[in-house]
Amino acid sequence: MAAFSGAALLFYNTAAQAHVKWFAPYIVGARPRPIATVLANPWFWTGIGLVIAFFALTRVIEMNRFGAAVHDGLDYVSAPLWRRLDDYVRVTVGAFFVAIFAVGGVYLTPDLKTPAEWVSWLQLLLAACIFSRRTMPIAGAGILLLWLLALRDYDLFHLFDYLALGVGVAVYLILEPIKDEAWRSHRFEALRWGLAIALMWSSLEKFAYPDWFYPLVEEKPFLTFGLPRDVFIPMAGVAEFTMGFGLLWTPLIRRLSAIALLVIFTAAIYPFGRVDLIGHGLIMAILVAVACDQCRVTRFLPNIKIHLPAIPAGLMAALVVFTGAYWGLHLAFYGPAGFTGPPRMDHATHSHNPEQPHGPGAEGIGAPPTKESGQ
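Keep in mind it's a predicted model, so treat the numbers as computed, not measured.

Participant: I tried to follow the overall build of the protein on my own but got confused; where do I start?
Facilitator: Each helix and strand counted, the protein has 16 helices and zero strands in total. Partitioning the intrachain contacts of the protein with sequence separation of at least 6 by distance along the chain shows that 79% fall at a separation of at least 24. With the model as given, the accessible surface of the protein reaches about 15900 Å², and the carbon-plus-sulfur share is 70%.

Structure representation (structure tokens):
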């Protein structure tokens, strides 16, 4: 039953993971839906219950001889990549920067537009730095620099979407060339934590702003698999948050969570096209690395995570921390009323084209959203 529940959540969420800011207009400063409304949604708690059951079953399997057999099977399949995992990560991170250079006019991700052409060339330079271990730390520092540069044009709250993942990749690029193995051994852990935090944070948009997703599900109704949109969207948010949480738990839970998320993001490529592939390419590469990670050690709170009751307790604690931070910081930045003006359609997330029909008819790369407009 728990396995079926986990599969059902995966099915519901399969095509829902395109980042909404890449495909539909949004207003970051708009007042989010009250957290009490989110907590009163029965579908939210249904999803939470299904995932807890799935994680608990996985942990039970992990504690007996079948868990070792599952790990051995995953190790056997992933062994060729595991032996060259650093090469794989370096190549895919470098390829990501080449791809966004080719797209042009963005900081690190499709929705952070910039008219500054030199930004694209800087990202190509960072790609070149990754292919030498001596210059990898420069690439790591460059990622943090690009995030700081984006602060000139975008609100800090908006850029929180990309902070954790950027820091995780930057720390990996800094740690990988280090000769001190005590520090270097944490490089894959940095990637995993950065991705997990990024997923949990970005998933909260589905609870705070479900209306942002309405244009997508209206244009592509097959995404909901026949479910009402107000059932599908919170369930998808729960799946994204909890699978991100799973990346921080015990070895088998984090490996299976990575595989599930990889299936989800891969399935989203077909309906959303090249923009989704480029934007999520780095995430997918890290998920492969997590799934291939043969380390069976839990370094953070190992004496707590081994117990089954820690799963619901840890998940509830994570929900409290992240929802408190999201709604609390939004209140601190924008006030109780938020930004109430109309969205500036000429400053949407992309220019109009067949793959993103919600965009305006403007030509070229466009200009960054203005802080005055609240977009």
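Participant: Please clarify how the pattern of salt bridges should be interpreted in this entry.
Facilitator: A pair can form between side chains of opposite charge whenever their charged atoms are brought close. One pass over the structure, following the stated rule, counts 12 salt bridges. The closest approach of N and O atoms between Glu-62 and Arg-59, which form a salt bridge, is 3.1 Å. With Glu-62 and Arg-59 both in helix α3 (residues 42–63) and three residues apart, the pair spans about one turn of that helix. Classification of Glu-62 as buried rests on a relative accessible area of 14%. The residue Glu-176 makes a salt bridge to Arg-184 at a minimum N-O spacing of 3.0 Å.

Participant: How should the packing of aromatic side chains be read in this particular structure?
Facilitator: Two aromatic rings, taken as a pair, are described by how far apart their centres are and by the angle between their planes. Following the criterion strictly, the structure yields 20 aromatic pairs and no others. An aromatic cluster is present here, built from Phe-157, Phe-160, Trp-201, Tyr-326, Trp-327, Phe-333 and Tyr-334 joined pairwise through their rings.

Participant: In this structure, what is going on with helix α7 (residues 136–150)? I would like to understand it.
Facilitator: Structurally, the α-helix is built with 3.6 residues per turn, so residues lying three or four positions apart point the same way. For α7, which comprises 15 residues, the first-to-last C-alpha distance of 22 Å matches the rise-based estimate of 21 Å (1.5 Å per residue) to within 8%. Among the structural elements, α5 (85–103), α6 (117–130) and α8 (156–175) are those in contact with the buried residues of α7.

Participant: Can you help me understand a nonpolar patch on the surface in this one?
Facilitator: Judged by side-chain polarity, Val-60, Met-63 and Leu-308 come together as a nonpolar surface patch covering roughly 230 Å² of accessible area. Position of Leu-308 relative to the elements: it lies in the loop between α15 (302–305) and α16 (310–334). You can call Leu-308 partly exposed: its relative accessible area is 32%.

Participant: Which parts of the structure should I look at to understand the packing of helix α10 (residues 187–203) against helix α13 (residues 229–246)?
Facilitator: Geometrically, a packed helix pair is captured by the angle between its two axes and the distance between the axes. Where α10 meets α13, the axes come as close as 8 Å, and the angle between the chain directions of the two elements is 160 degrees. The orientation of α10 relative to α13 falls into the category roughly antiparallel. When the axes of α10 and α13 are compared, the crossing they make is left-handed. Touching Ala-196, Leu-199, Met-200, Ser-202 and Ser-203 of α10 are Gly-237, Glu-240, Phe-241, Gly-244 and Phe-245, all from α13. Here the residues of the contact of α10 with α13 sort into five nonpolar, four polar and one charged.

Participant: Explain the packing of α3 against α13 here, please?
Facilitator: Two elements in contact, α3 and α13, have axes whose closest approach is 9 Å; the angle formed by their N-to-C orientations is 35 degrees. Seen along the crossing, α3 lies across α13 with a hand that is right-handed. Residues Trp-43, Phe-44, Gly-47, Ile-48, Leu-50, Val-51 and Phe-55 of α3 touch α13, and the partners they reach there are Val-231, Pro-234, Met-235, Val-238, Thr-242, Phe-245 and Gly-246. Its residues assigned to classes, the contact of α3 with α13 comprises 11 nonpolar, three polar and no charged.

Participant: Is there a simple way to explain unusual backbone geometry in this structure?
Facilitator: With the exception of glycine, most residues fall at negative phi, and the peptide bonds are largely trans. In the Ramachandran plot, Leu-108 falls in the positive-phi region, its phi being about 65 degrees despite a non-glycine side chain. You can see Leu-108 is positioned in the loop between α5 and α6. Since its relative accessible area comes to 16%, Leu-108 is described here as buried. Positive phi outside glycine occurs at Leu-301, with the angle close to 55 degrees. Relative to the elements of secondary structure, Leu-301 occurs in the loop between α14 (251–292) and α15.

Reading the values: the criteria
- Residues numbered from 1 in each chain as written.
- Predicted model: local features only at pLDDT ≥ 70, side-chain atom pairs only at ≥ 80, totals over all residues.
- Heavy atoms only, no water.
- Helix = DSSP H or I, 4+ residues; strand = E, 2+ residues; numbered from the N terminus.
- Contact = heavy atoms within 4.5 Å.
- Areas by Shrake-Rupley, 256 points an atom, 1.4 Å probe, with all protein chains shown as cover.
- Salt bridge = Lys/Arg side-chain N within 4 Å of Asp/Glu carboxyl O.
- Buried < 20%, exposed > 50% of the residue type's maximum accessible area, 1.4 Å probe, protein only.
- Phe/Tyr/Trp six-rings, centres within 6.5 Å; stacked < 30°, edge-to-face > 60°.
- Expected span 1.5 Å × (residues − 1).
- Patch = residues over 30% accessible without salt bridge, like charges linked within 9 Å, V, L, I, M, F, W, Y side chains within 5 Å.
- Axes fitted to C-alpha atoms, helices over the stretch in contact; angles between N-to-C directions.
- Parallel < 35°, antiparallel > 145°, perpendicular 65-115°, else oblique.
- Left-handed = near helix turned anticlockwise from the far one by under 90°.
- Nonpolar A, V, L, I, M, F, W, Y, C, P; charged D, E, K, R; others polar.

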